[in-house]
Amino acid sequence: LNLAATDSSLKGFIAGFGYGDYAHFVSSGSANGVYTGIVVRVDVRDFSTFEKLDLGALHAEHKFLKDAWHVGDSAYVLTGLSNQPAHVVRIDLQSFQVAASVRLTDVDACAGDRYCMKNPNSGFTDGKLYGFALDTFKVARVTFS
């Protein structure tokens, strides 16, 4: 499957996961040096039908994607460049729409630290309630209500 042949913005994938009848791919975003912030889901039954969710079009700070993971009916995408606040974006996998976004400088681990979580490296979940984002010096715990 060559998604870039159909849409030139669909390349440079760095993460992926499966959910239901779909394989999800997270783009590192570099299409001709421009970060896009695209998540794609491909129907695994025919491996040609796909949809894209453009996080970068929804918010400028969601263009550089770093990592993704999923729990239950939600996916979590970690965003961030060193000159932008990082976010964790929650995607409802049933509707394939953004459900919430948390700016990581707003979490408790970053209280009063304007440089906290500016360049997170990766993230993961405990499989139940919390997500965790890691940068070089801190770990931020993220909850969505």
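Residues numbered from 1 in each chain as written. Predicted model: local features only at pLDDT ≥ 70, side-chain atom pairs only at ≥ 80, totals over all residues. Heavy atoms only, no water.

**A short note on the overall build of the protein chain**
Here is step 1 of the chain: Of the regular secondary structure elements, the protein chain holds two helices and 13 strands.
Here is step 2 of the chain: Taken over 145 residues, the protein chain has a buried fraction of 44%.
Here is step 3 of the chain: Once local pairs closer than 6 in sequence are excluded, the contacts in the protein chain between residues at least 24 apart make up 37%.
Here is step 4 of the chain: By element, 48% of the accessible surface of the protein chain is carried by carbon and sulfur atoms, the whole surface being about 7,300 Å². (Helix = DSSP H or I, 4+ residues; strand = E, 2+ residues; numbered from the N terminus. Buried < 20%, exposed > 50% of the residue type's maximum accessible area, 1.4 Å probe, protein only. Contact = heavy atoms within 4.5 Å. Areas by Shrake-Rupley, 256 points an atom, 1.4 Å probe, with all protein chains shown as cover.)

**Focus on the pattern of salt bridges**
Here is step 1 of the chain: By the definition in use, this model includes four salt bridges.
Here is step 2 of the chain: We note a salt bridge from lysine 52 to aspartate 7, for which the minimum N-O separation is 2.7 Å. Separated by 45 residues along the polypeptide, lysine 52 in strand β6 (residues 50–54) and aspartate 7 in the loop between α1 (3–6) and β1 (13–19) bring together distant segments of the chain.
Here is step 3 of the chain: Here arginine 45 makes a salt bridge to aspartate 43, at a shortest N to O gap of 2.5 Å.
Here is step 4 of the chain: We classify arginine 45 as exposed; its relative accessible area is 57%.
Here is step 5 of the chain: Classification of aspartate 43 by relative accessible area gives buried; the value is 9%.
Here is step 6 of the chain: What emerges from the salt-bridge pattern is a single network uniting Asp21, Asp43 and Arg45. (Salt bridge = Lys/Arg side-chain N within 4 Å of Asp/Glu carboxyl O.)

**Topic: the environment of tyrosine 76**
Here is step 1 of the chain: One can find tyrosine 76 in strand β8 (residues 74–79).
Here is step 2 of the chain: When its relative accessible area of 15% is taken as the criterion, tyrosine 76 is described as buried.
Here is step 3 of the chain: Here the alpha-carbon distance between tyrosine 76 and glycine 131, two residues 55 residues apart in the chain, equals 8.1 Å.

**With respect to the packing of aromatic side chains**
Here is step 1 of the chain: Summed over all chains, the structure comprises two aromatic pairs.
Here is step 2 of the chain: Measuring from centroid to centroid gives 6.1 Å for tryptophan 69 and tyrosine 76, while their planes differ by 20°, and the two rings are stacked.
Here is step 3 of the chain: Classification of tryptophan 69 as buried rests on a relative accessible area of 9%. (Phe/Tyr/Trp six-rings, centres within 6.5 Å; stacked < 30°, edge-to-face > 60°.)

**Some words on the sheet that holds β6**
Here is step 1 of the chain: Spatially, β1-β2-β5-β6 is the arrangement adopted by the four strands of the open sheet, whose pairing is antiparallel. Every interior strand has two partners, whereas the edge strands, β1 and β6, have only one. Recorded for the sheet is a direction-independent mean angle of 20° between the axes of neighbouring strands.
Here is step 2 of the chain: Across five bridges, strand β5 (residues 38–43) lies against β6 in antiparallel orientation. If you follow valine 40 over to β6, its bridge partner there is lysine 52. (Pairing = 2+ DSSP bridges. Axes fitted to C-alpha atoms, helices over the stretch in contact; angles between N-to-C directions.)

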